[in-house]
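# Geometric and topological summary
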Amino acid sequence: EDKVVQSPLSLVVHEGDTVTLNCSYEVTNFRSLLWYKQEKKAPTFLFMLTSSGIEKKSGRLSSILDKKELSSILNITATQTGDSAIYLCAVDPPSGTYKYIFGTGTRLKVLA
Amino acid sequence: NAGVTQTPKFRILKIGQSMTLQCTQDMNHNYMYWYRQDPGMGLKLIYYSVGAGITDKGEVPNGYNVSRSTTEDFPLRLELAAPSQTSVYFCASSYSTAGALTDTQYFGPGTRLTVL
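Below you will find a few notes about this structure. The model shown is predicted, which means the values in this text are computed figures rather than measured ones. Each chain carries its own residue numbering, running from 1 in the written order of its sequence. Starting at A for chains and at 1 for ligands, labels are handed out in the order in which the entities are written. Local features in this predicted model are restricted to residues whose pLDDT is 70 or higher, and side-chain atom pairs enter the listing and the counts only when it is 80 or higher, whereas totals over whole chains, interfaces and linings include all residues. Heavy atoms throughout the structure, all of them, feed into the side-chain values; hydrogens and water do not.

### Concerning the overall build of chain A
Along the backbone of chain A there are 0 helices and 11 strands. Runs of H or I in DSSP of at least four residues are treated as helices and runs of E of at least two as strands, each being numbered from the N terminus. Ordered by position from N to C terminus, the α and β elements of chain A give β-β-β-β-β-β-β-β-β-β-β. Note that the radius of gyration is over C-alpha atoms, with the globule rule given as 2.2 Å times the number of residues to the power 0.38. Over its C-alpha trace chain A gives a radius of gyration of 14 Å, about what one expects of a compact globule, namely 13 Å for 112 residues. Overall, chain A is about 45 × 25 × 20 Å in size when its C-alpha atoms are taken along their principal axes.

### Topic: the overall build of chain B
Counting its secondary structure elements, chain B contains 0 helices and 11 strands. For chain B, the sequential pattern of α-helices and β-strands runs β-β-β-β-β-β-β-β-β-β-β. The C-alpha radius of gyration computed for chain B amounts to 14 Å, which stays within 12% of the reference 13 Å derived for 116 residues, consistent with globular compactness. With the C-alpha coordinates aligned to their principal axes, the bounding extent of chain B is approximately 40 × 30 × 25 Å. Per-residue accessibility, obtained with a 1.4 Å probe over protein chains only, is compared with the maximum for each type, and a residue is labelled buried under 20%, exposed over 50%, and partly exposed between these values. When burial is assessed residue by residue, chain B has 47% of its 116 residues classed as buried. In this analysis, two residues are considered to be in contact whenever any of their non-hydrogen atoms come within 4.5 Å of each other. Nonlocal contacts in chain B, meaning residues at least 24 apart in sequence, comprise 56% of its contacts between residues at least 6 apart. The protein chains shown are the only cover counted for residues, whose accessible areas, like all others here, come from Shrake-Rupley with a 1.4 Å probe. Of the roughly 5,400 Å² of accessible surface on chain B, 53% is carried by carbon and sulfur atoms. The convention is simple: Lys and Arg are positive, Asp and Glu are negative, and His and the chain ends are not counted. Where a charge lies is defined by one atom per residue type: Lys uses NZ, Arg uses CZ, Asp uses CG and Glu uses CD. Within chain B, one finds 9 positive and 8 negative side-chain charges whose respective centroids are separated by 11 Å.

### Observations regarding the sheet that holds strand β6 (residues 56–58) of chain A
All names here are of chain A. Sheet architecture is open: 5 strands sit in the order β1-β3-β8-β7-β6, paired in antiparallel fashion. At either end of the open sheet lies a strand with only one pairing partner, and these are β1 (3–7) and β6. Averaged over all adjacent pairs, the angle separating strand axes in this sheet is 15 degrees, with direction ignored. Being paired, for any two strands, means DSSP has found at least two bridges between them. Sheet analysis places strand β7 (residues 61–66) next to strand β8 (residues 71–76), joined by 6 bridges and oriented antiparallel. Across the sheet, L61 pairs through a bridge with I76, a residue of β8. With axes taken as lines fitted to C-alpha atoms, and helix axes fitted only over the stretch in contact, angles between N-to-C directions fall between 0 and 180 degrees.

### As for unusual backbone geometry
With an omega dihedral of -10 degrees, the bond running from S7 of chain A to P8 of chain A counts as a cis peptide bond. Mapped onto the elements of the fold, P8 of chain A is located in the loop between β1 and β2 (10–14). The peptide bond linking T7 of chain B to P8 of chain B adopts the cis configuration, its omega dihedral lying at -5 degrees. As for its placement among the helices and strands, P8 of chain B is situated in the loop between β1 (4–7) and β2 (10–13). Despite not being glycine, N28 of chain B shows a phi value in the positive range, around 60 degrees. Note that N28 of chain B resides in the loop between β3 (19–25) and β4 (31–37). Assessed through its relative accessible area of 57%, N28 of chain B is described here as exposed.

### Looking at the nonpolar core
Soluble globular proteins tend to pack their nonpolar side chains together in the buried interior. Membership of the largest hydrophobic core comes to 23 residues, with the highest contact counts inside it found for V4, Y25, L33 and W35 of chain A. Looking at this core, the elements with two or more residues in it are β3 (19–26), β4 (32–38), β5 (43–49), β7, β8, β9 (85–92) and β11 (106–111) of chain A. Among the buried residues, those of types Ala, Val, Leu, Ile, Met, Phe, Trp, Tyr and Cys that are joined through side-chain atoms within 4.5 Å form a nonpolar core.

Dropping the structure here:
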């Protein structure tokens, strides 16, 4: 069965810390992996990663896919209280299905 | 652009009642999705549609029905509501061409449903 597992489940850090969130997947022939940030309401898109292994960056956030390890990490440097959210990882499975598989998310709390 | 809109925002149902959750997108996206999110959990796909007139089951379709008569609208119907359907429901849309990587999904604000 296809599965996406995120770790840790929750994390509490102080402003300025650097955090690394992990997403492991057991999905055969996946097409892409997506990261979302969910604050109080709907998830918002952060990054899409493909098997090319190219790192994606946006400000203090960066993410990369490790195809050998079947995992992806999301790094946030110099965290701010506004980074507090649930971070969701989703895998886009093989062509033709579009049945995204989501992990349970990592709940990040950044203390001032 | 309003993006993806959902109504209602909140609803309380009694066991056995039925209702329709509305979802509309104005981005001319061909793909639309319905997810549910239970407390502390990720999103589970209920149904999705790759275009008007075409729908398919996701991971947890039991107890739900959908239709897609237009590109813009993708309503989700709950028949005979049960307490297990208490959840937050998100509608999403994206654009993709055949064989290509799908673009990012844009989510609506969600509908919080309680079944008592």
